[in-house]
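Structural characterization, general
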Amino acid sequence: MLNKLQTLYRHIIEEERKIPEATGQLSDLLGDIALACKVISLEVNRAGLIDILGMTGEKNVQGEEVKKLDDYANTLLKRIMQMGGHACALCSEEEETFVPIDEVYNDFSHKYIVHFDPLDGSSNIDANISIGTIFSIYKRISTKGPGTIEDCLQPGYRQVAAGYVVYGSSTIMVYTAGKGVHGFTLDPSVGEFLLSYRNMTTPKKSKTYSANEGNYGKWSSGMRKYIDYLKASDGKTGRPYSSRYVGSLVADFHRNLLYGGIFIYPADEKNRNGKLRLMYEANPLAFIVEQAGGRATNGEKRILDIQPESLHQRTPLFIGSEDDVVQAEKFLLFENGKEF
Ligand code: P6P
């Protein structure tokens, strides 16, 4: 029972002590993100009670209606990152370009770059379906002053930490700093994230797939054959699989991480590079799933090895239980990734 009383902050500090060269700045940065997410959690849980639902009337860089909570979460995360003094630039789904941070708030060396999706799955807000915040942290490449675009466009294998917060029946923060994956449940009565999952691992093989089958007609033949394969009956290989799809990436990913499963958002006729974003959706979740023993590719290439070319670039995403992702790749490669 005692380990349940371990707070996120205590855990981060203990992990930091295992790294001789650690300065404590990453710990502080993770603490700042956790603080922002506690406040976002409050607003998400209150959303039904105050007039924060509905649209702001603006559109974000994705051309999507920005719901007020998106805006609120983005502004809050930016503000807390700017005040914390550990980031030299921020990138967000809600920001057209990167937000450089000058060293005006304090004399920290502003060592880090933070990418975040402030409120993923926000189209589900009004329906009270779980939504989430996703974050990805890199060390800067430049040596001083505000961060640069080169600092922001690093491949995923260079992440130093990544995580998400899922605002569901409870608020849970899951993060990795490269030494395993750990989960913390927010106890609103004390306002602390308490350790609830130490060293999370994901099952090597599952019986669950997550995909929007409404896109079936737009998928490649290899992708259609794969989904048909999962739905066929064959006791020896545990088929048919169960289909579980919330339409909120963080919710689908978190469930699959715990129970096993493969989440798929492939390229299709409409989204030739897939729908999901590399820098603040695929990369952080890929870092987490690999640390938990899973796999994440774009159907043929490891997500973390993709060299980004733009902040909001999309990627096809196959992520989850290793054997399932490998199986999916075989169907796609057998078709040589033939076009539609
Ligand atoms: P579709 C939410 O808008 C999101 O970015 C992810 O959270 C989710 O997994 C995906 O899009 C759902 O997309 O096309 O199935 O509605």
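Cut-off values and rules
Residues numbered from 1 in each chain as written. Predicted model: local features only at pLDDT ≥ 70, side-chain atom pairs only at ≥ 80, totals over all residues. Heavy atoms only, no water. Helix = DSSP H or I, 4+ residues; strand = E, 2+ residues; numbered from the N terminus. Buried < 20%, exposed > 50% of the residue type's maximum accessible area, 1.4 Å probe, protein only. Contact = heavy atoms within 4.5 Å. Areas by Shrake-Rupley, 256 points an atom, 1.4 Å probe, with all protein chains shown as cover. Lys, Arg positive; Asp, Glu negative; His and termini not counted. Charge placed at Lys NZ, Arg CZ, Asp CG, Glu CD. Near = heavy atom within 4 Å. Polar contact = N/O pair within 3.5 Å; in protein donor to acceptor, adjacent residues only side chain to side chain. Pairing = 2+ DSSP bridges. Phe/Tyr/Trp six-rings, centres within 6.5 Å; stacked < 30°, edge-to-face > 60°. Lys NZ or Arg CZ within 6 Å of the ring centre and 35° of its normal. Axes fitted to C-alpha atoms, helices over the stretch in contact; angles between N-to-C directions. Parallel < 35°, antiparallel > 145°, perpendicular 65-115°, else oblique. Left-handed = near helix turned anticlockwise from the far one by under 90°. Domains from an automatic or database assignment. Buried area = accessible area lost by both parts, 1.4 Å probe. Salt bridge = Lys/Arg side-chain N within 4 Å of Asp/Glu carboxyl O. Core = buried A, V, L, I, M, F, W, Y, C linked by side-chain atoms within 4.5 Å.

1. Brief notes about the overall build of the protein
When helices and strands are tallied, the protein shows 8 helices and 15 strands. Across its three principal axes, the protein shows a C-alpha extent of roughly 60 × 45 × 45 Å. Burial statistics for the protein: of 340 residues in total, 56% are counted as buried. Looking at the protein alone, contacts between residues at least 24 apart form 65% of all its contacts between residues at least 6 apart. Roughly 14700 Å² of accessible area belongs to the protein as shown, and the carbon and sulfur atoms make up 51% of that amount. The protein carries 39 positive and 44 negative side-chain charges, and their two centres are separated by 6 Å.

2. Looking at the site of the ligand
Close to the ligand lie Asp-120, Gly-121, Asn-212, Tyr-245, Gly-247, Ser-248, Leu-249, Phe-263, Tyr-265, Lys-275, Leu-276 and Glu-281, which account for all nearby residues. One of the side-chain nitrogen or oxygen atoms of Asn-212 is found 2.9 Å away from an oxygen atom of the ligand. In this structure, Tyr-265 approaches the ligand through a side-chain N or O atom, which is 2.6 Å from an oxygen atom. Bound to the protein, the ligand loses 80% of the 400 Å² it would expose on its own.

3. Observations regarding the sheet that holds strand β15 (residues 317-320)
The strands that make up a sheet are held in pairs by hydrogen bonds between backbone atoms, and each pair lies either parallel or antiparallel. Read across the sheet, 5 strands follow the order β12-β11-β13-β15-β14 without closing on themselves; strand pairing throughout is mixed. Only two strands of the sheet have a single partner each, and these edge strands are β12 (242-243) and β14 (295-297). Across 2 bridges, strand β11 (residues 208-210) lies against β12 in parallel orientation. Bridged to Tyr-209 within β12 is Ser-243.

4. As for the packing of aromatic side chains
This structure, assessed with the given rule, holds 6 aromatic pairs. Relative to Phe-331, the ring of Tyr-229 has its centre 5.2 Å away and its plane inclined at 45°; by these criteria the two rings are tilted. Taken together, the positions of Tyr-229 in helix α5 (residues 221-231) and Phe-331 in helix α8 (residues 322-334) put the pair 102 residues apart, joining distant regions of the chain. For Tyr-229, a relative accessible area of 23% puts it in the partly exposed group. An aromatic cluster of three or more residues is present, and its members are Tyr-226, Tyr-229 and Phe-331. Seen from the ring of Tyr-229, Arg-239 lies directly overhead, with NZ or CZ sitting 3.8 Å from the centre.

5. Description of the packing of helix α1 (residues 8-17) against helix α2 (residues 25-46)
Running from N to C, α1 and α2 cross one another at 160°; their axes reach a closest spacing of 10 Å. Of the possible angle classes, the one that applies to α1 and α2 is roughly antiparallel. The chirality of how α1 crosses α2 is right-handed. For the pair α1 and α2, the contacting residues are Leu-8, Tyr-9, Ile-12, Ile-13 and Glu-16 in the first and Ser-27, Asp-28, Leu-30 and Ala-34 in the second.

6. Observations regarding the domain arrangement of the protein
Looking at the protein, the domain boundaries give domain 1 (3-197) and domain 2 (208-335). For domain 1 and domain 2, the distance between their C-alpha centres works out to 24 Å. Surface buried jointly by domain 1 and domain 2 totals about 2800 Å² across both partners, of which 66% is contributed by carbon and sulfur atoms. Of all residues in domain 1, the largest losses of buried area upon contact with domain 2 belong to Ile-134, Leu-153 and Tyr-164, amounting jointly to 21% of the total for that side. Where domain 1 packs against domain 2, one counts 0 salt bridges. Along the contact surface separating domain 1 from domain 2 lie 12 residue pairs in polar contact (both at pLDDT 80 or more). When contributions to the side of domain 1 that touches domain 2 are tallied by element, the ones reaching two or more residues are β3 (87-92), β5 (112-120), β6 (131-139), α4 (149-152), β7 (159-167) and β8 (171-176). For the side of domain 1 that touches domain 2, the element with the highest residue contribution is β7, accounting for 8 residues.

7. Quick look at the nonpolar core
Nonpolar side chains in soluble globular proteins generally cluster together in the buried interior. Core analysis: the largest hydrophobic core is formed by 40 residues, its most contacted members being Tyr-164 and Leu-257. Each of domain 1 (3-197) and domain 2 (208-335) accounts for three or more of the residues forming this core. If we ignore the near neighbours within four places in the chain, the residues touching Leu-257 are Tyr-164, Val-174, Met-200, Thr-201, Thr-202, Pro-203, Ile-288, Val-289 and Ala-292. In this structure, Ile-33, Val-99, Phe-116 and Phe-135 belong to the second largest nonpolar core, which totals 39 residues.

8. Some points on the sheet that holds strand β10 (residues 192-197)
A sheet is described by the order of its strands in space; here 8 strands give the open sequence β4-β3-β5-β6-β7-β8-β9-β10, paired in mixed fashion. At either margin of the open sheet sits one strand with a lone partner, and together these are β4 (99-100) and β10. Where β7 meets β8, 6 bridges bridge the pair, whose relative direction is antiparallel. Counterpart to Ala-162 in the pairing with β8 is Thr-176. In the packing of α1 onto the sheet, the strands contacted are β8, β9 (181-187) and β10, and the crossing angle to β8 comes to about 5°.

9. Remarks on the pattern of salt bridges
By the definition in use, this model includes 12 salt bridges. The salt bridge involving Asp-234 is made with Lys-236; its shortest N-O contact spans 3.5 Å. By relative accessible area, which is 17% here, Asp-234 ends up buried. Lys-236 sits in the exposed class, given a relative accessible area of 79%. For Asp-252, the salt bridge identified is with Arg-255, shortest N-O distance 3.1 Å. Placement of both Asp-252 and Arg-255 in helix α6 (residues 249-259) is noted, with a separation of 3 residues, approximately one turn of the helix. Asp-252 gets classed as buried once you look at its relative accessible area, which sits at 0%. Each of Lys-204, Glu-322 and Asp-323 takes part in salt bridges that share partners, so that together they form one network.

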